[in-house]
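Inside the fold
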Amino acid sequence: MTEITATYYFRPKEGVSPDWAARAIAEEQTTGTWTDIATRQEYVHYLDGIIGDIKPSGAGYTCTIGYPSDIFEPGNIPQYLSVFAGNLFGLSKIAAVRLLDVEFSRELIPFNGPKFGIEGVRKLVGSEGRPHVGTIIKPKVGLNPKDTAEVAYEAAIGGVDLIKDDETLTDQKFCPLKERLPLVMEKMDQVKSETGRNVLYAVNISTAGDKIVERAREAVRSGANMLMIDVLVCGFDAVRAVAEQPGINLPIHVHRAMHAAMTRNPEHGIAMRPFCRLVRMLGGDQLHTGTVSGKMEHDASELKGDNLTLTGDFFGLKTTFPVASGGLHPGGVDKEVRMLGRDIILQAGGGIHGHPDGTRAGAAAMRQAVDAALAGIAPAQYAKDHPELKRALDKWGIAN
Ligand code: 3PG
């Protein structure tokens, strides 16, 4: 029977052996509990977790646990998570435990993955081999629909490929989705007729589980060209439910608000890697994974591996476009491209709308920074005859 292999880091409390800790995790997540039980019949044991080599790592250990595939209900993501990532994090004799990665077997991926992937999104935008530039409308809440659309127009005309709502903007009374979306799309049409460029707008449809599909349909009816889902607060299954819905044929931009509660602590929680695999298999076309120069803390080698998980081979599924976002500005672009490559969406909120000459200039500065990076020209050099970039670098400096 195929095994699903999860890799954990763990640090037992003093006096607890690594063997005992690994067994405690394996038993808690499969057929055992904290004590012997008379009901653990002989025939149940084929579902026992299989503990791999326990290796010292930092202040603790790593080990794999192989989960027999019959323990899973194929396609039931909440159930998968309860196995790989359930009670184990709270076991009191283990000081810290972090799920690092999960290797799935094909039979547990009865999903179609992204409909568009990097290539599909590039086709919509009409780009070849360059990083995309995106923006988040700022302020994240408060603007009315008309002003939101105006800011979107300025960003689009300045050169961004993608505009998205921020995670806390959904359908509040100051900016109802039904009013905002048509106005923004009108502006995107205007940009198309003025420049020939197709700019995507990821409208945030995040809401309750029993309402998200209807909200997605509503967005389609109002002319949306991309949807956005906040995957951790909505639940992974929200992405699947929308991606699998007949008649919803739009790319899905996946934001990850709340992730750092699980991903940030290097000793405890869940690394981003398993989330990348889940989002890709469930149909996310774009996923935030982080920056190497921005405001959020990241381990660069973990981040590169996460992006590879989205772009490398994965059971023949289409790729997911990694999104670098959070405190990014034109002065960080060179470093992002050097470290993360060209298959990346470079997204800046404050780094565009905070430009001294406004949103349009901020968007232009981001595009100029990308052009400089692709041409292998140092940003300061390129800025000499690109005034928008120059003004941005003067304000925020250059990340190195
Ligand atoms: C995001 O959605 O990633 C953040 O809102 C980024 O905003 P910032 O570019 O202003 O940090």
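Predicted model only: the values in this text are computed from it and were never measured.

Quick look at the overall build of the chain now. Of the regular secondary structure elements, the chain holds 16 helices and 14 strands. Computed over the C-alpha atoms, the radius of gyration of the chain is 23 Å, within 12% of the 21 Å expected from 2.2 N^0.38 for a compact globule of 400 residues. With respect to the three principal axes, the spread of C-alpha positions in the chain is 75 × 45 × 35 Å. Sorting the 400 residues of the chain into buried and exposed places 55% on the buried side. For the chain, restricting intrachain contacts to residue pairs at least 6 apart in sequence, the fraction spanning at least 24 positions comes to 74%.

Our next topic: the layout of surface pockets. Considered as a void within the structure, the largest pocket measures approximately 360 Å³ in volume. If you trace the largest pocket, you find 25 residues lining it, with His255, Lys295, Met296, Ser325 and Gly326 closest to the centre. Listing elements by their share of the lining of the largest pocket, those giving two or more residues are β13 (321–325) and α13 (350–353). Considered class by class, the residues forming the lining of the largest pocket number six nonpolar, twelve polar and seven charged.

Take the domain arrangement of the chain next. When the parts of a complex come together, some accessible area is lost, and that lost area is often taken as the interface size. Partitioning the chain into structural domains gives domain 1 (3–108) and domain 2 (117–396). Computed over C-alpha atoms only, the centres of domain 1 and domain 2 are separated by 35 Å. Counting from both sides, the interface comprises 17 residues of domain 1 and, opposite them, 19 residues of domain 2. Interface area for domain 1 against domain 2, summed over the two sides, is near 1700 Å², with a carbon-plus-sulfur share of 59%. Contact with domain 2 buries surface across domain 1, with Ile77, Arg98 and Phe104 losing the most and accounting together for 38% of the total. The interface formed by domain 1 and domain 2 contains three salt bridges. With a shortest N-O distance of 2.8 Å, Arg11 and Glu267 are connected by a salt bridge. Counting every contact that joins domain 1 to domain 2 gives twelve residue pairs in polar contact (both at pLDDT 80 or more).

Mapped onto the fold, Phe174 is located in the loop between β7 (162–164) and α5 (177–195). Overall, the relative accessible area of 31% leaves Phe174 in the partly exposed class. When the C-alpha positions of Phe174 and Leu143 are compared, they lie 7.2 Å apart, and in sequence the two are 31 residues distant. Apart from residues lying up to four places away in sequence, Phe174 is in contact with Val141, Gly142, Leu143, Asn144, Pro145 and Leu169.

So, on to the pairing of strand β5 (residues 94–103). Within a regular strand, side chains alternate between the sheet's two faces. With seven of ten residues buried, β5 is to be regarded as a mostly interior element. With eight bridges joining them, strand β1 (residues 3–12) and β5 adopt antiparallel strand pairing. The residue of β5 that forms the bridge with Arg11 is Ala96.

With that settled, consider the packing of aromatic side chains. Scanning all chains against the criterion turns up nine aromatic pairs. Geometrically, the ring pair formed by Phe72 and Phe84 is tilted, given 5.2 Å between the ring centres and 45° between the ring planes. Within this pair, whereas Phe72 is found in the loop between β4 (60–68) and α2 (77–84), its partner Phe84 is found in helix α2, the two being separated by twelve residues in sequence. Just as Phe72 is buried, Phe84 falls in that class too. For the pair Phe236 and Phe275, a centre-to-centre distance of 5.5 Å together with 35° between the ring planes defines the contact as tilted. With Phe236 in helix α8 (residues 236–243) and Phe275 in helix α10 (residues 272–282), this residue pair connects regions lying 39 residues apart in the sequence. Owing to a relative accessible area of 8%, Phe236 belongs among the buried residues under this scheme.

Each value, and the rule that gives it
Residues numbered from 1 in each chain as written. Predicted model: local features only at pLDDT ≥ 70, side-chain atom pairs only at ≥ 80, totals over all residues. Heavy atoms only, no water. Helix = DSSP H or I, 4+ residues; strand = E, 2+ residues; numbered from the N terminus. Rg over C-alpha atoms; globule rule 2.2 N^0.38 Å. Buried < 20%, exposed > 50% of the residue type's maximum accessible area, 1.4 Å probe, protein only. Contact = heavy atoms within 4.5 Å. 1 Å grid on protein atoms, 1.4 Å probe; cavity = no way out; pocket = protein on both sides within 12 Å on 5 of 7 lines; lining within 4 Å. Points joined across faces, edges and corners; volume = space filled by probe spheres on them. Nonpolar A, V, L, I, M, F, W, Y, C, P; charged D, E, K, R; others polar. Domains from an automatic or database assignment. Buried area = accessible area lost by both parts, 1.4 Å probe. Salt bridge = Lys/Arg side-chain N within 4 Å of Asp/Glu carboxyl O. Polar contact = N/O pair within 3.5 Å; in protein donor to acceptor, adjacent residues only side chain to side chain. Pairing = 2+ DSSP bridges. Phe/Tyr/Trp six-rings, centres within 6.5 Å; stacked < 30°, edge-to-face > 60°.

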